[in-house]
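Each chain, written out:
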2 protein chains.
Amino acid sequence: MEKVYAVGMGPGNGDQMTAEAREVIVSCDVIAGYTVYVDLVRKVLKERELEGKEFITTPMTQEVKRCRLAFEQAQKGKKVAMVCSGDAGVYGMAGLLLEISGDYPEAEVEVVPGITAALSGAAVLGAPLIHDFAVISLSDLLTSWEKIGKRLHAAAEADFCICLYNPSSRKRHDYLKKACGIMLESKAGDTVCGIVRNIGREGEGCAFCTLEELKDAETDMFTTVFIGNSQTRMVNGRMVTPRGYRNDREQE
Amino acid sequence: MEKVYAVGMGPGNGDQMTAEAREVIVSCDVIAGYTVYVDLVRKVLKERELEGKEFITTPMTQEVKRCRLAFEQAQKGKKVAMVCSGDAGVYGMAGLLLEISGDYPEAEVEVVPGITAALSGAAVLGAPLIHDFAVISLSDLLTSWEKIGKRLHAAAEADFCICLYNPSSRKRHDYLKKACGIMLESKAGDTVCGIVRNIGREGEGCAFCTLEELKDAETDMFTTVFIGNSQTRMVNGRMVTPRGYRNDREQE
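Residues numbered from 1 in each chain as written. Chains lettered and ligands numbered in written order. Predicted model: local features only at pLDDT ≥ 70, side-chain atom pairs only at ≥ 80, totals over all residues. Heavy atoms only, no water.

A. Main features of the relation of the copies chain A and chain B. Least-squares fitting of chain A to chain B yields an RMSD of 0.0 Å, with the transformation described by 0.0 Å of translation along the axis and a rotation of 180°. The two molecules are tied by a two-fold rotation axis, judged by turn and shift. Comparing interface residues between copies, 100% of those in chain A also lie at the interface in chain B; the contact surface is shared. (Least-squares fit on C-alpha atoms with pLDDT ≥ 70 in both. Contact = heavy atoms within 4.5 Å.)

B. Helix 1 (residues 19-27) of chain B, seen in detail. Residue and element names in this part refer to chain B. When helix 1 is considered as a whole, its buried residues turn out to be E20, A21, V24 and I25. On an axial view of helix 1, the arc spanned by its buried residues comes to 130°, and they lie on one face. Elements in contact with the buried residues of helix 1: strand 1 (4-8), strand 2 (30-34), helix 2 (35-44), strand 4 (80-84) and strand 5 (109-112). (Buried < 20%, exposed > 50% of the residue type's maximum accessible area, 1.4 Å probe, protein only. Helix = DSSP H or I, 4+ residues; strand = E, 2+ residues; numbered from the N terminus. Arc of directions from axis to C-beta.)

C. How the structure looks around the packing of helix 7 (residues 145-157) of chain B against helix 8 (residues 175-183) of chain B. Residue and element names in this part refer to chain B. Across the interface, helix 7 lies against helix 8 with an axial gap of 8 Å and an inter-helix angle of 40°. In this view, helix 7 runs oblique relative to helix 8, as classed from their interaxial angle. Every pair of crossing elements has a handedness; the one defined by helix 7 and helix 8 is right-handed. For the pair helix 7 and helix 8, the contacting residues are W145, G149, L152, H153 and A156 in the first and Y175, K178, A179, I182 and M183 in the second. Looking at the contact of helix 7 with helix 8, its residues break down into 7 nonpolar, 2 polar and 1 charged. (Axes fitted to C-alpha atoms, helices over the stretch in contact; angles between N-to-C directions. Parallel < 35°, antiparallel > 145°, perpendicular 65-115°, else oblique. Left-handed = near helix turned anticlockwise from the far one by under 90°. Nonpolar A, V, L, I, M, F, W, Y, C, P; charged D, E, K, R; others polar.)

D. Fine view of the interface of chain A and chain B. On the chain B side, the residues contacting the 80 residues of chain A number 81 residues. Taking both partners together, chain A and chain B bury about 6700 Å²; carbon and sulfur atoms supply 54% of that area. Three residues, A:E99, A:L142 and A:R151, lead the burial of chain A against chain B; their summed loss comes to 11% of the area buried on that side. Summed over the shared surface of chain A and chain B, the number is 8 salt bridges. For the pair chain A and chain B, the interface holds 38 residue pairs in polar contact (both at pLDDT 80 or more). Classifying every residue of the side of chain A that touches chain B by side-chain character gives 35 nonpolar, 25 polar and 20 charged. (Buried area = accessible area lost by both parts, 1.4 Å probe. Salt bridge = Lys/Arg side-chain N within 4 Å of Asp/Glu carboxyl O. Polar contact = N/O pair within 3.5 Å; in protein donor to acceptor, adjacent residues only side chain to side chain.)

E. Up close: the pattern of salt bridges. A full pass over the atoms with the stated rule returns 23 salt bridges over all chains. Note that B:R151 is salt-bridged to A:D132, the shortest N-O span being 3.0 Å. Placement of the pair is B:R151 in helix 7 and A:D132 in the loop between strand 6 (126-127) and strand 7 (133-137), with the two residues belonging to separate chains. Of the two residues, B:R151 and A:D132, neither departs from the other in class, the shared state being buried. The closest approach of N and O atoms between B:E49 and B:R22, which form a salt bridge, is 3.3 Å. Here B:R22 lies in helix 1 and B:E49 lies in helix 3 (residues 47-50), a separation of 27 residues in the sequence. Classification of B:R22 as partly exposed rests on a relative accessible area of 24%. Residues participating in the shared-partner salt-bridge network are A:D132, A:D159, B:K147 and B:R151.

F. Examining the packing of aromatic side chains more closely. Applying the stated criterion to the full structure yields 8 aromatic pairs over all chains. Aromatic side chains B:Y91 and B:Y165 sit 5.1 Å apart centroid to centroid with 45° between the ring planes, which places their arrangement in the tilted category. Here B:Y165 lies in strand 8 (residues 161-165) and B:Y91 lies in the loop between strand 4 and helix 5 (93-101), a separation of 74 residues in the sequence. With a relative accessible area of 10%, B:Y165 lands in the buried category. Its end group placed over the ring of A:Y175, A:K178 keeps NZ or CZ at 4.6 Å from the ring centre. (Phe/Tyr/Trp six-rings, centres within 6.5 Å; stacked < 30°, edge-to-face > 60°. Lys NZ or Arg CZ within 6 Å of the ring centre and 35° of its normal.)

G. Representation of the side chain of B:T116. With respect to the element layout, B:T116 can be found in the loop between strand 5 and helix 6 (117-125). Contacts of B:T116, omitting those with residues within four sequence positions, involve A:L119, B:G86, B:D87, B:V90 and B:Y165.

H. Focus on unusual backbone geometry. Residues and elements named next belong to chain A. We note that N198 has phi near 50°; this positive angle belongs to a residue other than glycine. Residue N198 is classed as partly exposed on the basis of its relative accessible area, which comes to 23%. The backbone of N236 shows a phi angle near 50°, a positive value even though the residue is not glycine. Here N236 shows up in the loop between strand 12 (233-235) and strand 13 (238-240). With a relative accessible area of 39%, N236 lands in the partly exposed category.

I. Structural context of the sheet that holds strand 13 of chain A. All names here are of chain A. Taken together, 3 strands build an open sheet; the order of strands is 6-13-12 and the sheet is mixed. Every interior strand has two partners, whereas the edge strands, strand 6 and strand 12, have only one. Direction of pairing for strand 12 relative to strand 13: antiparallel, over a ladder of 3 bridges. Paired with R233 across the bridge in strand 13 is V240. (Pairing = 2+ DSSP bridges.)

J. Looking closely at the sheet that holds strand 2 (residues 30-34) of chain A. All names here are of chain A. The parallel open sheet is built from 5 strands, whose spatial order is 3-2-4-1-5. Of all the strands in the sheet, the pair left with one neighbour each is strand 3 (54-58) and strand 5 (109-112). Each strand of the sheet is rotated relative to its neighbour by a mean of 20°, with strand direction disregarded. Bridge count for strand 2 against strand 3 is 5 bridges, and the pairing is parallel. Paired with Y34 across the strands is T58, a residue of strand 3.

K. Structural context of a nonpolar patch on the surface. A cluster of nonpolar side chains, contributed by A:M60, A:M221 and A:F222, occupies part of the molecular surface with about 310 Å² of accessible area. What makes A:M221 partly exposed here is its relative accessible area of 48%. (Patch = residues over 30% accessible without salt bridge, like charges linked within 9 Å, V, L, I, M, F, W, Y side chains within 5 Å. Areas by Shrake-Rupley, 256 points an atom, 1.4 Å probe, with all protein chains shown as cover.)

Here it is in C-alpha cells:
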C-alpha cells in the first residue's frame, strides 16, 4: 500500500505553498480533492509536472467518499495527494482522512502543513495574532450554534485575539452579527477588527473597523475576520497586537 | 526608503518555507534577526544566493534594537528581511516591527507568513487542530500569569483544542504542571494530548499521553504541546480531532 498525503496548499497562489507541499504533489500519481482545489493544482503546477497524473474530484459534501477513493487508489499501489487550500489540519481534510484510516489499518497517512487563512490573512492586515489567539468557525453545519456561542463568549471574556472562519454564507447571513453580539458582552465596542477577502487570490482586499461596526460588515465564505484583544491598535494603517505589556518600554 | 519584510521561515528546515519567503530573503540586501535564525538562513539558502548580503544579528532580549537597526538600513535605501522561525505574525517580530514603524512614518513593512509550530507540530501528531482551537504561550515574560491562567481556564471550559507555546524553561520548570491543573478543572483527565519536539529539525520526535500524564511530561523551549477537545481520540496511532458531530456517519 502506498501513502496518502494530506497536503495544505496555502491561500491559493503558488507563492505561499511550501517547497515540501509542491514536491509531494509533483511526486504523487493521483491528485484527489474538492473540484476547486484540484483546479488550483492545475493552475499552480507546470504542465510537465502534471503529466500522467490521475485526478479524483468530488463535490463539497462528499468528503467521506473522497477519502475512500483516495485509500482505494493507495491500495492499488498509487501514491495519492489529497489537496486542500490553507492547511490540511485546520478545518481541512487531514482529520477525516485519518479518521477513515481506521478502516484501512495498513494505510499510512502523512500530513503536509500549509499556510492557513489565520496566518495569511493576519499578514495582510498587519500583525493581529501576535499574542494568544483563538480560531473559531461560525459554520454550524458540523457543530451546534450553542457550542460556537460558548466558545465565542469564552474567548472574548479571556481577552483572546479571535480569528473567525466561515463568518457567513447565504443560509447563515446573520451569524457574524450574532457572534459580534456575544463578543460585545465582554469586548469593548471600539475593539480593533480587520476583514480580509480572497486572500492570495484575485480581488484580495482588506478593511478595518470596530467591533461595533463589524456587526454590519458584509462578509461571505471567502472572508476571514479578525477581532483584536484589548491592546490591539492601529499603527501606520495596520492592525497590530503588542506582544505584551513590556513592549511599551525599550527593552535593551 | 526601502521596505522592511517580516519573514516567517517555518519550522527550521528549508522544506517548509514558502516560495515567497525564500524569494523575499534572496531579494533583500540585509538579513536581520536573532542569531540562531540568521544562521538558519545561511544553512537553508545557497552560497550564491547569499553573496553580497549584510547580516545584522542581535541576541534574544534586544528585539527593539534589532527593529531600529532594520529601519535604519531601510532609510539608507536597503531592502531588509527581518527573519523569524515559524510565522512572523505569531509570537514573532512582525508585531514589534509594526509597533516601532510608528516612529518611521515613511517606512513600509510587509509581513510574509510562515508555517507556525501549531501547524507543523499538528501535522507531526496527526490532526489535533482540525476544529476550533486556542493558541496560548506559557511564557510570563511579557504577560502576567494571571492572564495566562484565565485564558487556559476559558479555553478548557469551552472545549477548545489547545496548543501551548513555550511550555517551560529552566526558570519556569513547573508552568506546564500548573497549566494542566487549570485545564483539568474542566477537561477530563483522559483527554488525548501530544507533545512535539524540535519540529522540522534534527532530533524531531513526538509522544502521546493523557492530560493527567501531561502534568509530569518533560518539555523545554523547543517543545510544542497539544491538548485535544472532548472528541479528540487516537486513530491508527495518530491524534485526531473530528471535524464535527456528523463525521460519525457517512455523509453521502
